[in-house]
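Below are the chains, spelled out letter by letter.
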Amino acid sequence: MDRLPLSRTAVDRDAATRDVPGALEAAWADEATRVLVLGRGTALLADPADRLRLALLPPSQVPDPQLVLYLGRTLEESDDAPAGTVVLAAVVDDVAADAIAADVARWADLRTQGAALDARDAGLFTEALGLANWHGTHGHSPRTGAPTVVGRSGWVRYPSGHEAEASGEHVFPRTDPAVIVGVIDGRDRLLLASNAAWPEDRYSVVAGFVEPGESFEAAVQREVMEETGIAVAAAEYLGSQPWPFPASVMVGFLARTAPDDPAELRVDGVEIREARWFERDELAEAAAAGRIRLPGHTSIARAIIEHWYGGELMGDW
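I will try to describe carefully the structure that is included in this document. (Residues numbered from 1 in each chain as written. Predicted model: local features only at pLDDT ≥ 70, side-chain atom pairs only at ≥ 80, totals over all residues. Heavy atoms only, no water.)

### Here's the deal with helix α7 (residues 280-288)
Point 1. What α7 keeps buried is the set Leu 283, Ala 284, Ala 286 and Ala 287.
Point 2. Of the surrounding elements, those touching the buried residues of α7 are β11 (190-195), β15 (272-278) and α8 (300-309).
Point 3. Gly 290 occupies a position one or two residues after α7 and carries a positive phi of about 80°. (Buried < 20%, exposed > 50% of the residue type's maximum accessible area, 1.4 Å probe, protein only. Helix = DSSP H or I, 4+ residues; strand = E, 2+ residues; numbered from the N terminus. Contact = heavy atoms within 4.5 Å.)

And the structure:
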């Protein structure tokens, strides 16, 4: 597959700087620093009359951030940030977000607009959103229940109080792996399913979280069987993409039905409403006519479907 939209980056995360005492404060005090602003889970955009890109502001233009995170340094020259520019993320509340830009068109949703951003902005937005989402759910230690505070420029949390950083009770950001798989039968048809929580015309490939003690390949076989009743043979790895909604990495595969499997679909009717096999022409015609809606272009699901199809398809969610 071509490089996946949210797997692109043009940023050095510069992990060594995270441990430098006062580095975050020094960066915030430097007007050469640039800040990606997050509000309501969306990122501030530059002038919408220009190409779609993030607004990277000097710190003085960002009011009352609730959380500041060190994202790294840019690797490429651009008109809004020379190579080597330090980039921070600032999470602001609704009042501050409206004060910066009340127009909803000035705020980007990564799920729907990530594919339209360049590599630098896609990488920054994905990194910032995933890290911010983690902070939003880890105000207390999962080990002890004690309140936690932010450390290491936003890349760790530890119990609040004196000597907390030396306690060893650090909580680090986590990512939950999930497999996502395009299943092909002996007639080279693609299996798509409609989740019971979606509108009836939405279809995608099979996906699910990896369980404890399970390999990616075993998760592929289990998820496909559980959701559709289909046994698959060995899976071929295609690629992976972070998916910070809230904290996943999607690991993509292509798998064929097992030689002795009749490819008869059996959905549970609870999680999966319907599953269908599609020929290429059938899928293209249905998508173009709007009878079914496919995953958006930012998702790895769309990339897997178009990898099987051999080109671009019309229509999305």
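### Brief notes about the pairing of β11
Point 1. Among the six residues that make up β11, six are buried, leaving the element largely enclosed by the rest of the structure.
Point 2. Looking at chain direction, strand β10 (residues 176-184) and β11 are connected through two bridges and run antiparallel. Along β11, the bridge assignment pairs Ile 184 with Leu 190.
Point 3. The hairpin formed by β10 and β11 contains five residues between the paired strands, and Asp 188 there has a positive phi angle of roughly 65°.
Point 4. Looking at chain direction, β11 and β15 are connected through six bridges and run antiparallel. The residue of β15 that forms the bridge with Leu 190 is Phe 278. (Pairing = 2+ DSSP bridges.)

### Thoughts on unusual backbone geometry
Point 1. Backbone torsion omega between Phe 245 and Pro 246 reads 5°, so that peptide bond is classified as cis.
Point 2. Counting through the fold element by element, Pro 246 comes out in the loop between β13 (232-243) and β14 (248-257).
Point 3. With a phi close to 55°, Arg 40 is a non-glycine residue in the positive phi region.
Point 4. Within the secondary structure layout, Arg 40 lies in the loop between β2 (34-39) and β3 (42-44).
Point 5. Unusually for a residue other than glycine, Asp 64 sits at a positive phi of about 45°.
Point 6. With respect to the element layout, Asp 64 can be found in the loop between β4 (56-57) and β5 (67-74).

### Description of the nonpolar core
Point 1. Residues Leu 36, Leu 38, Phe 125, Leu 192, Leu 283, Leu 294 and Ile 305 are the most contacted members of the largest nonpolar core, which totals 53 residues.
Point 2. Every residue in contact with Leu 283, bar those within four places of it in the chain, is listed here: Leu 192, Phe 278, Ile 292, Leu 294, Ile 305, Trp 308 and Leu 313. (Core = buried A, V, L, I, M, F, W, Y, C linked by side-chain atoms within 4.5 Å.)

### So, the pattern of salt bridges
Point 1. Applying the stated criterion to the full structure yields 22 salt bridges.
Point 2. Of the charged contacts in the structure, one is a salt bridge between Glu 223 and Arg 222, with a shortest N-O distance of 3.0 Å. Here Glu 223 and Arg 222 have matching classes, each one buried. (Salt bridge = Lys/Arg side-chain N within 4 Å of Asp/Glu carboxyl O.)

### Here we look at the pairing of β14
Point 1. In terms of residue burial, β14 counts as a mostly covered element, since eight of its 10 residues are buried.
Point 2. Sheet analysis places β10 next to β14, joined by nine bridges and oriented parallel. The residue bridging Ile 184 from the neighbouring strand is Arg 256, located in β14.
Point 3. Bridging between β13 and β14 involves nine bridges; their strand directions are antiparallel. Counterpart to Val 232 in the pairing with β14 is Thr 257.
Point 4. Between β13 and β14, which follow one another and run antiparallel, lie four residues.

### Notes on the packing of α7 against α8
Point 1. Where α7 contacts α8, the axes come no closer than 10 Å and their chain directions differ by 130°. For the element pair α7 / α8, the angle class is oblique. Relative to α8, the crossing made by α7 is left-handed. Between α7, through Arg 280, Leu 283 and Ala 284, and α8, the contact on the second element is made entirely by Ile 305, Trp 308 and Tyr 309.
Point 2. The class makeup of the residues in the contact of α7 with α8 is five nonpolar, no polar and one charged. (Axes fitted to C-alpha atoms, helices over the stretch in contact; angles between N-to-C directions. Parallel < 35°, antiparallel > 145°, perpendicular 65-115°, else oblique. Left-handed = near helix turned anticlockwise from the far one by under 90°. Nonpolar A, V, L, I, M, F, W, Y, C, P; charged D, E, K, R; others polar.)

### So, helix α6 (residues 216-228)
Point 1. A rise of 1.5 Å per residue sets the reference length of α6, with its 13 residues, at 18 Å; its end C-alpha atoms lie 18 Å apart and thus fit the reference within 8%.
Point 2. Considered for burial, the residues of α6 that qualify are Ala 219, Val 220, Arg 222, Glu 223, Val 224, Glu 227 and Thr 228.
Point 3. Where α6 is buried, its residues contact β10, β11, β12 (206-209), β13, β14 and β15.
Point 4. Two residues or fewer after α6 comes Gly 229, characterised by a positive phi angle close to 80°. (Expected span 1.5 Å × (residues − 1).)

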